[in-house]
Protein chains: 2
Amino acid sequence: MALYVHKYGGTSVGSVERIEGVAKKIKKFKDEGHDVVVAVSAMSGETNRLIELANAITDQPTPREMDVLVSTGEQVTIALLSMALNKLGVPARSYTGAQVKILTDSAHMKARIQDIDTNKIKGDLSEGRVVIVAGFQGVDGDGNITTLGRGGSDTTGVALAAALNADECHIYTDVDGVYTTDPRVVEKARRMDKITFEEMLEMASLGSKVLQIRSVEFAGKYKVPLRVLHSSKEGNGTLITIEDDESVEQPVISGIAFNRDEAKLTVLGVPDIPGVASKILGPVSAANIEVDMIVQNVAADKTTDFTFTVHRNDFVKTEAILREVAQSLGAREVSGAKDITKVSLVGVGMRSHAGVASKMFDVLAQENINIQIISTSEIKISVVIAEKYLELAVRALHTAFDLDDNDK
Amino acid sequence: MALYVHKYGGTSVGSVERIEGVAKKIKKFKDEGHDVVVAVSAMSGETNRLIELANAITDQPTPREMDVLVSTGEQVTIALLSMALNKLGVPARSYTGAQVKILTDSAHMKARIQDIDTNKIKGDLSEGRVVIVAGFQGVDGDGNITTLGRGGSDTTGVALAAALNADECHIYTDVDGVYTTDPRVVEKARRMDKITFEEMLEMASLGSKVLQIRSVEFAGKYKVPLRVLHSSKEGNGTLITIEDDESVEQPVISGIAFNRDEAKLTVLGVPDIPGVASKILGPVSAANIEVDMIVQNVAADKTTDFTFTVHRNDFVKTEAILREVAQSLGAREVSGAKDITKVSLVGVGMRSHAGVASKMFDVLAQENINIQIISTSEIKISVVIAEKYLELAVRALHTAFDLDDNDK
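Rules of the game
Here the residue index of a chain counts from 1 through its sequence in written order. Chain labels run from A onward and ligand labels from 1 onward, assigned in the order the entries are written. Selection of residues for local features in this predicted model requires a pLDDT of at least 70, selection of side-chain atom pairs for listing and counting requires 80 or more, and totals for whole chains, interfaces and linings are taken over all residues. Think of it this way: any DSSP run of H or I at least four residues long counts as a helix, any run of E at least two long counts as a strand, and we number them from the N terminus. In this setup the radius of gyration rests on C-alpha atoms only. A globule is expected at 2.2 Å times the number of residues raised to 0.38. Exposed residues have 12 or fewer other C-beta atoms within 10 Å of their own C-beta, buried residues have 20 or more, and residues in between are partly exposed; the C-beta atoms are placed from the backbone. This entry defines residue contacts through backbone-placed C-beta atoms, with two residues in contact when those atoms are within 7 Å. An arc is given here, and it is the one of the directions from the helix axis to the C-beta atoms. Three classes are used: nonpolar for Ala, Val, Leu, Ile, Met, Phe, Trp, Tyr, Cys and Pro, charged for Asp, Glu, Lys and Arg, and polar for all others, with Gly counted as polar. Here, any two strands with at least 2 DSSP bridges between them count as paired. Structural elements are reduced to axes, namely lines fitted to C-alpha atoms, with helices fitted over the stretch in contact, and the angle between N-to-C directions of any two is expressed from 0 to 180 degrees. Residues reaching a pLDDT of at least 70 in both copies supply the C-alpha atoms on which the copies are superposed by least squares. Each nonpolar core comprises buried Ala, Val, Leu, Ile, Met, Phe, Trp, Tyr and Cys residues, the members being joined through C-beta atoms within 7 Å. Each domain's extent was defined by an automatic or database domain assignment. When an angle is under 35 degrees it counts as roughly parallel; over 145 it counts as roughly antiparallel; between 65 and 115 it counts as roughly perpendicular; any other value is oblique. Helix crossings get a hand from a simple test, with the near helix turned counterclockwise from the far one by less than a right angle marking a left-handed crossing and a clockwise turn marking a right-handed one. How sure the predictor is of each residue is captured by pLDDT, a score from 0 to 100. Under the convention used throughout, the expected extent of a helix is 1.5 Å for every residue step, that is, one less than its residue count.

Peer 1: Outline the overall build of chain A, listing residues and values.
Peer 2: Within chain A, the regular secondary structure consists of twelve helices and 20 strands. The C-alpha atoms of chain A give a radius of gyration of 24 Å, which matches the 22 Å a tight globule of 408 residues would have. Each principal axis of the C-alpha distribution contributes one length, and for chain A these read about 75 × 55 × 35 Å. Classification of the 408 residues of chain A by burial places 47% in the buried group. Contacts in chain A between residues far apart in sequence, at least 24 positions, make up 74% of those at least 6 positions apart.

Peer 1: Describe helix 12 (residues 390-400) of chain A, naming the residues involved and giving the relevant values.
Peer 2: Structurally, the α-helix is built with 3.6 residues per turn, so residues lying three or four positions apart point the same way. Residue and element names in this part refer to chain A. Among the residues of helix 12, Leu390, Ala393, Val394, Leu397 and His398 are the ones counted as buried. Buried residues of helix 12, viewed axially, fall in a sector of 125 degrees; they line one side. Elements that come into contact with the buried residues of helix 12 comprise strand 13 (255-259), strand 18 (340-346), helix 11 (356-366) and strand 20 (380-386). A positive backbone phi angle near 60 degrees is found at Asp402, which sits one or two residues after helix 12.

Peer 1: Could you give me a rundown of the interface of chain B and chain A, with the residues and numbers involved?
Peer 2: Counting from both sides, the interface comprises 28 residues of chain B and, opposite them, 28 residues of chain A. Elements with a minimum of two residues in the side of chain B that touches chain A: helix 1 (16-31), helix 2 (46-57) and helix 3 (63-87) of chain B. Per-element accounting of the side of chain B that touches chain A gives the leading share, 14 residues, to helix 3 of chain B. Among the residues forming the side of chain B that touches chain A, the class breakdown is 16 nonpolar, nine polar and three charged.

Peer 1: Now, about the sheet that holds strand 3 (residues 92-95) of chain A: what can you tell me, with residues and values included?
Peer 2: Strand pairing in a sheet relies on backbone hydrogen bonds, with the paired strands running either antiparallel or parallel. Residues and elements named next belong to chain A. Pairing in this open sheet of eight strands is mixed, and the strands run 3-6-2-1-9-11-12-10 from one edge to the other. The open sheet terminates on both sides in strands that have one partner only, identified here as strand 3 and strand 10 (194-196). Pairs of neighbouring strands in the sheet enclose a mean axial angle of 20 degrees, with direction left out of account.

Peer 1: Go over the relation of the copies chain B and chain A, please, and point to the residues and values.
Peer 2: There are two copies of the chain, and a rotation about an axis plus a shift along that axis relates them. Superposition record for chain B on chain A: RMSD 0.2 Å, screw rotation 179 degrees, translation along axis 0.1 Å. Such a turn and shift between the copies fits a two-fold axis. The rotation axis passes nearest to the C-alpha of Thr72(B) in chain B, at a distance of 2.8 Å. Residue by residue, 100% of the interface of chain B is reproduced at the interface of chain A, so both copies engage with the same surface.

Peer 1: So what's going on with the environment of Val100(A)? Which residues, and what values?
Peer 2: Residues and elements named next belong to chain A. Along the chain, the position of Val100 falls in helix 4 (residues 97-100). For the pair Val100 and Leu125, spaced 25 residues apart in the sequence, the C-alpha separation amounts to 13 Å. Those residues within four positions of Val100 in sequence are excluded, and the remaining contacts are Tyr95, Ile116, Asp117, Lys120, Ile121 and Val133.

Peer 1: Explain the nonpolar core to me, and be specific about the residues and the numbers.
Peer 2: When a protein is soluble and globular, its nonpolar side chains tend to lie buried together. In this structure, Val38(A), Leu81(A), Val38(B) and Leu81(B) are the most contacted members of the largest nonpolar core, which totals 221 residues. Two domains each put at least three residues into this core: domain 1 (3-244) and domain 2 (248-402) of chain B. Setting aside residues up to four positions removed in sequence, Val38(B) forms contacts with His6(B), Tyr8(B), Ile26(B), Leu81(B), Val130(B), Val131(B), Ile132(B) and Val133(B).

Peer 1: An account of the sheet that holds strand 3 (residues 92-95) of chain B is needed here, citing residue identities and associated values.
Peer 2: Residues and elements named next belong to chain B. Across the sheet, eight strands lie side by side as 3-6-2-1-9-11-12-10; this open sheet has mixed pairing. Lying at the two open borders of the sheet, with one neighbouring strand each, are strand 3 and strand 10 (194-196). Sheet twist, expressed as the average angle between the axes of neighbouring strands with direction ignored, equals 20 degrees. Relative to strand 12 (residues 238-241), strand 10 runs parallel, the two sharing three bridges. Among the inter-strand pairings, Thr196 is bridged to a residue of strand 12, identified as Thr241.

Peer 1: Break down the environment of Met293(B) for me, with residues and values.
Peer 2: Residue and element names in this part refer to chain B. Locating Met293 in the fold gives a position in strand 15 (residues 291-298). Overall, Met293 belongs to the partly exposed group, with 17 C-beta atoms counted inside 10 Å. Residues Met293 and Lys342, 49 residues apart in the sequence, show an inter-C-alpha distance of 9.5 Å. Contact partners of Met293, with chain neighbours within four places excluded, come to Phe308, Thr309, Ile373, Ser375, Ser382 and Val384.

Peer 1: I'd like a rundown of unusual backbone geometry, residues and numbers included.
Peer 2: Keep in mind that most residues, glycine aside, have a negative phi and that most peptide bonds are trans. In this model, Val100(A) is joined to Lys101(A) through a cis peptide bond whose omega is -5 degrees. Along the chain, Lys101(A) falls in the loop between helix 4 and strand 4 (102-104). Of note, the phi angle at Asn165(A) is positive, near 55 degrees, even though the residue is not glycine. Of note in this structure, Phe136(B) is not a glycine but carries a positive phi near 75 degrees. Using a count of 29 C-beta atoms within 10 Å as the deciding quantity, one classes Phe136(B) as buried.

Peer 1: I'd like a description of the packing of helix 2 (residues 46-57) of chain A against helix 1 of chain B, backed by residues and values.
Peer 2: At a minimum axis separation of 10 Å, helix 2 of chain A and helix 1 of chain B run at an interaxial angle of 50 degrees. Comparing the axis directions of helix 2 of chain A and helix 1 of chain B gives the class oblique. Crossing of helix 2 of chain A against helix 1 of chain B: the hand is right-handed. Facing helix 2 of chain A, whose interface residues are Leu53(A), Ala56(A) and Ile57(A), helix 1 of chain B presents Val16(B), Ile19(B) and Glu20(B). Of the residues contributing to the contact of helix 2 of chain A with helix 1 of chain B, the split by class is five nonpolar, no polar and one charged.

Peer 1: Report on the confidence of the model for chain A, specifying residues and quantitative values.
Peer 2: When the pLDDT values of chain A are averaged, the result is 90; 96% of them are 70 or greater. Scoring of the predicted complex yields 0.81 for pTM and 0.79 for ipTM.

Peer 1: Talk me through helix 10 (residues 315-329) of chain A; I want residue IDs and the actual numbers.
Peer 2: All names here are of chain A. Over its 15 residues, helix 10 runs 20 Å from end to end, which matches the ideal 21 Å to within 8%, given 1.5 Å per residue. Looking at the buried residues of helix 10, the elements they touch are strand 14 (262-271), helix 9 (276-286), strand 16 (303-311) and strand 17 (333-337). Downstream of helix 10 by one or two residues, Gly330 has phi in the positive range, about 70 degrees.

Peer 1: Quick rundown of the environment of Thr307(A)? Include the residues and the values.
Peer 2: Residue and element names in this part refer to chain A. Considering the arrangement of structural elements, one finds Thr307 in strand 16. Overall, Thr307 belongs to the buried group, with 21 C-beta atoms counted inside 10 Å. Separated by 40 residues in sequence, Thr307 and Val267 place their C-alpha atoms 6.4 Å apart. Ignoring anything within four residues of it in the chain, the contact list for Thr307 reads Lys264, Thr266, Val295 and Ile373.

Peer 1: An account of the packing of helix 2 of chain A against helix 3 (residues 63-87) of chain A is needed here, citing residue identities and associated values.
Peer 2: Helix-helix packing: each pair is described by the crossing angle between the helix axes and the interaxial distance. Residues and elements named next belong to chain A. Two numbers describe how helix 2 lies on helix 3: the axes approach to 9 Å, and their chain directions differ by 155 degrees. Compared by their axis directions, helix 2 and helix 3 come out roughly antiparallel. Where helix 2 crosses over helix 3, the handedness of that crossing is right-handed. For the pair formed by helix 2 and helix 3, the contact residues are Glu46, Thr47, Leu50, Ile51 and Ala54 on the first element and Met66, Leu69, Val70, Thr72, Gly73 and Val76 on the second.

Take a look at the structure:
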């Protein structure tokens, strides 16, 4: 007998029929003798409908009132799911974030959870009830309703699992797990049975949009085993957990992530003196442009080339900023390209295996793919290549690093 | 400077535009230096939409979860109205029933208010804010969300006014006040400036659907002056208040109410022995049929005729029950009619004026209208007549008792 926290997103509870499907899934766990606590999102489309109502009144809605408004979305779902369970003969009770209570700071629309009172939940569990909690919302110390920001229901699920010391937190989604790479690009992409939090963070931040980054961080911090599962199909999904020292045959590479949304910019011939990096990136971040990879090389002539990547939508704006900066710094010129893509190998095994980088460069060289930028971290190697080579590169790497599912 | 509690119903806040209109109305009171606390209903149609969602899952929704569900309706309105006020530069803050807190018993879907904590509201008022409270909802001692039953927002408004010792409670509706009778029947019907709680109760229970009966009772009990006003038109509406002993020229009759929804049934030739009334009405109320007027006359031959009225929808069902009862009682026969109507004169002045009844019967006799049943209370005389005479009777009485608005 285990204690599971389930989290169902907006699509999984997007209609009365789907809510009834979710109730059946929960019943299966109860029938097997497990305890279940559930965090749910608003029915898909509902949050947008509420935001549109607010925007019809004002383009600057009071953040406190915005939270009062949008938090009704999850409240509707918890009531309906609880009714559906009661109808199936599974005793259930629903709670809003304030009722639980999920204590947050007072940063409306982007609050952070500070504490969860587990008394009511534990009381219900001990009486055999399923407990349904509204995701995405909480309450501050003064009793004001807060929300965690969009997608925050994952965080609610993980935080509940941590507070209750649950055996696993199940995140039900529209995919059946985390794959070694995007199955739309590599036919032989394989569902991973297991992945570490760190690997998942690198995969997530690189475009595998299965889980919200914050909830993975949170799960890692509190060592809550996370399992990604399909909300309507059967299967074991992918378990995201802490590194398992005992597994001898840990794969070197867990997966390959890529991101098509990047563009690169280079300031060429910058004088190589202290403070140059901040002079270049300062105005960029002041314009609220997020910078991803940053690479700098010293050249022989006491100047350096400074390269970084930004979201493709920010390319034109960034280029304009750089032209001004380059002039004031006495740099030679500014160049850039939007037709690039970032490909990353991710794997904790990299830590103890040398030669991963050189093998990666080898594989790309054999396919005649030129590497424009290289950036590495402890469990990740990223390269920027021309976008047209994306599929070719990912497939070659997927095979070379033994990730292919040969049953496909 | 006064403290007003405003209550706006579902139609008054039925769209974003109407919510903005309500905000402007509230602003006017603030600009005049008054304090305002507002109770609001769900946007019209919203509560039904939520109930339909629940009914799509089960025809027996858990009452506790039903309250979690439908209470979101008012929560949406308070947030939007608060935003609209903030946009107009009027500082405002919204509260759910639980946040206030409006403490109720635990009778889900028909809870009764036990206590209102006014601390937060008074704090906001002292800082110059308008306070918006979700009508129709509260919270029980265990923190469960409760609702007061449909139409309960009136009760919330009155209860807030009582707890805050407000100068007046304004109920904004789609009529501009309480009329001496239905203006659709009597063209010269006059808006009353003032009416007593008792008179309003008699008018309301007889079909003047301006106010919820419970809220009038509540207002009378706590002596909260109620004013019925139109939510979009100007005007002073009708003040419902305690009897004013000092007004010398109190009218004898305040208004004429009528009810087309009744049907009458008579058990003829019932043996006149103790316990007969309960033997007749017992099975009727056991079938959940509500009985209105009850009249019994002793006849010369030691039998009696027992007559009562029910809602027209219950006529057939009641008749079937009575046929069985009549047989077991040895009564002569059962007769009934659906083409009847009840007309009532209402007025506290009746207490100190003799002759109202005989004048009423006189007026009807002059119009050749036969009276089928008579029933009186301290401030009301009701007669049942054939439905076809309804308009004729009400108009004749309206003129005879000096209620006509001669400017029309």
